[in-house]
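# Residue-level structure breakdown
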Amino acid sequence: MKRYIGFRIIYLIITLFIISTVTFFLMKALPGTPFDEEKLAQLPPEQKQMIYASYGLDKPVFTQYVNYLKNVVKGDLGTSFFYTGQKVKDIISSRLFPSALIGLQAVLLGLAIGLILGIVAAYRHNTAWDYATMIIAVLGVSIPNFVLAALLQYFVGLKWGLLPVAFWESYPSSILPSIALCVGVIALIARFVRTEMLEVLEQDYITTAKAKGLGTIRIMFQHVIRNSLISVITILGPIVVNLLTGSLVIENIFGIPGIGSLFVDSIKMNDYSTIMGITLFYSAFYVFVMLIVDLLYGLVDPRIRLASGKG
């Protein structure tokens, strides 16, 4: 296990190095600059040179790249071009909590309801329970979350006045965005669980377990549900990363000051350092979650070997 984790950490470092390199040169290849060109053209050459020097843009591109990598190793993602004088890591930290809270609530709620619906649909296969669950799953996948978000804002927020319509004021402000995000998770989890459970129920070892006289509840929890969770864990990793690092659309609809809205604003303003910082943060989080997912495989199914027989 230690050898496997060490290998994955090396893989994480190599992946982040490649991503940071590609992102840096892609940013340099983009047309335009982070500065207001009209105002910049009105400045004397000496002042323009001072502005470029303050951000290290007066140096050759390769020198900028080397300096960028050195700073990343130290945990410094640079200074924002748009938020004057603010470090990118501080800006990301200040925007992380709203995105993480909304995403975590959406994942937990979606996982809990999706598992229940999927299990019921598989256990009551070809019954009204099964059909109702699949209708909910299809609706959850078909209805875009921004449509659901608008409906929630109108009915729950505006018409009934139960929760805030928009903006980040207190904990209740996080409930409607979480509900809007979790519906898609419910639909996805329910469909995967149902499909996997139906497949597992057809396996020979389930027939053997029934022949041995094991009860239905014991067979479901000890064999069926456990073996069906592997596919759920596989899709859960990307879902967790996407939701916890911010939803671009939902955060803009609800006016949430999260990572998603920060990413959109940084693209609009050509804030290269913030774009690269968020990309690197997202990549590191994604690779870390994938490591957790791989470790969970071994816990759910001991037959899966993480390393070649050596721990």
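About the thresholds
For every chain, the first residue of its written sequence is number 1, and the numbers climb from 1 along that sequence. Under the rules for a predicted model, residues below a pLDDT of 70 receive no local features and side-chain atom pairs below 80 are neither given nor counted, while totals for whole chains, interfaces and linings still include all residues. Side-chain descriptors were evaluated using all non-hydrogen atoms of the structure, hydrogens and water having been removed beforehand. In DSSP terms, a helix is any run of H or I states spanning at least four residues, a strand is any run of E spanning at least two, and both are numbered starting from the N terminus. For this measure, only C-alpha atoms enter the radius of gyration; the expected value for a globule follows 2.2 Å times N^0.38, where N is the number of residues. We call a residue buried when its accessible area falls under 20% of the maximum for its residue type, exposed when it is over 50%, and partly exposed in between, using a 1.4 Å probe and counting protein chains only. Only heavy atoms matter for contacts: two residues are in contact if any of them lie within 4.5 Å across the pair. Each accessible area is a Shrake-Rupley result for a 1.4 Å probe, and residues are judged covered by the shown protein chains and nothing else. Given the number of residues in a helix, its expected span is that number minus one, multiplied by 1.5 Å. Picture the helix axis, draw a direction to every C-beta atom, and the arc is the one those directions span. UniProt positions are given in the numbering used here, feature names are shortened, and annotations may be inferred rather than shown by experiment. Working definition: rings of Phe, Tyr and Trp (its six-membered ring) pair if their centres are within 6.5 Å, and the pair is stacked with planes under 30 degrees apart, edge-to-face with planes over 60 apart, and tilted otherwise.

Let us now look at the overall build of the protein. Of regular secondary structure, the protein possesses 13 helices and zero strands. Of the regular secondary structure in the protein, the N- to C-terminal order runs α-α-α-α-α-α-α-α-α-α-α-α-α. For the protein, the C-alpha radius of gyration of 24 Å lies well beyond 19 Å, the compact-globule estimate for 311 residues. When its C-alpha atoms are laid out on the principal axes, the protein stretches across 85 × 60 × 30 Å. Across the 311 residues in the protein, those meeting the buried criterion constitute 39%. Looking at the protein alone, contacts between residues at least 24 apart form 74% of all its contacts between residues at least 6 apart. Surface summary for the protein: the accessible area is close to 17300 Å², and the carbon and sulfur share equals 68%.

Now for helix α4 (residues 61–73). Along its 13 residues, α4 runs 19 Å from first to last C-alpha, staying within 8% of the 18 Å computed at 1.5 Å per residue. Turning to α4, its buried residues are Gln64, Tyr65 and Tyr68. For α4, the angular spread of the buried residues around the axis is 100°, confining them to a single face. Away from its buried face, by an angle of more than 90 degrees, α4 presents the exposed residues Phe62 and Val73. Packed against the buried residues of α4 are α1 (2–29) and α13 (272–300). Gly75 sits one or two positions beyond α4 and adopts a positive phi of about 90°.

Turning next to the UniProt feature "transmembrane region" (unreviewed entry) in the protein. Per the UniProt annotation, the sites labelled "transmembrane region" (unreviewed entry) are residues 9–27, 102–123, 135–155, 175–193, 228–254 and 274–300. A helix fraction of 100% and a strand fraction of 0% characterise residues 175–193, whose end C-alpha atoms lie 26 Å from each other. Span residues 274–300 is 100% helix and 0% strand, its end C-alpha atoms 38 Å apart.

This part takes up unusual backbone geometry. Where the residue is not glycine, phi is negative for most of them; where a peptide bond is considered, it is trans in most cases. Even without being glycine, Asn126 reaches a positive phi, approximately 60°. Position of Asn126 among the secondary structure elements: in the loop between α5 (88–123) and α6 (128–142). You will see that Asn270, though not glycine, has its phi angle at about 55°, which is positive. Along the polypeptide, Asn270 turns up in the loop between α12 (259–268) and α13.

Attention shifts here to the packing of aromatic side chains. Evaluated as defined, the whole model comprises eleven aromatic pairs. Each ring, one from Phe24 and one from Phe25, has its centre 5.2 Å from the other, and the planes form 90°; the classification is edge-to-face. Taken together, a centroid distance of 5.0 Å and an interplanar angle of 40° make the contact between Phe25 and Tyr65 tilted. Remark: Tyr65 occurs in helix α4 and Phe25 occurs in helix α1; sequence separation between them is 40 residues. Its relative accessible area of 36% is what places Phe25 among the partly exposed residues. Judged by its relative accessible area of 9%, Tyr65 is buried. Here the aromatic residues Phe24, Phe25, Phe62, Tyr65 and Tyr68 are joined through ring pairs into a cluster of three or more.

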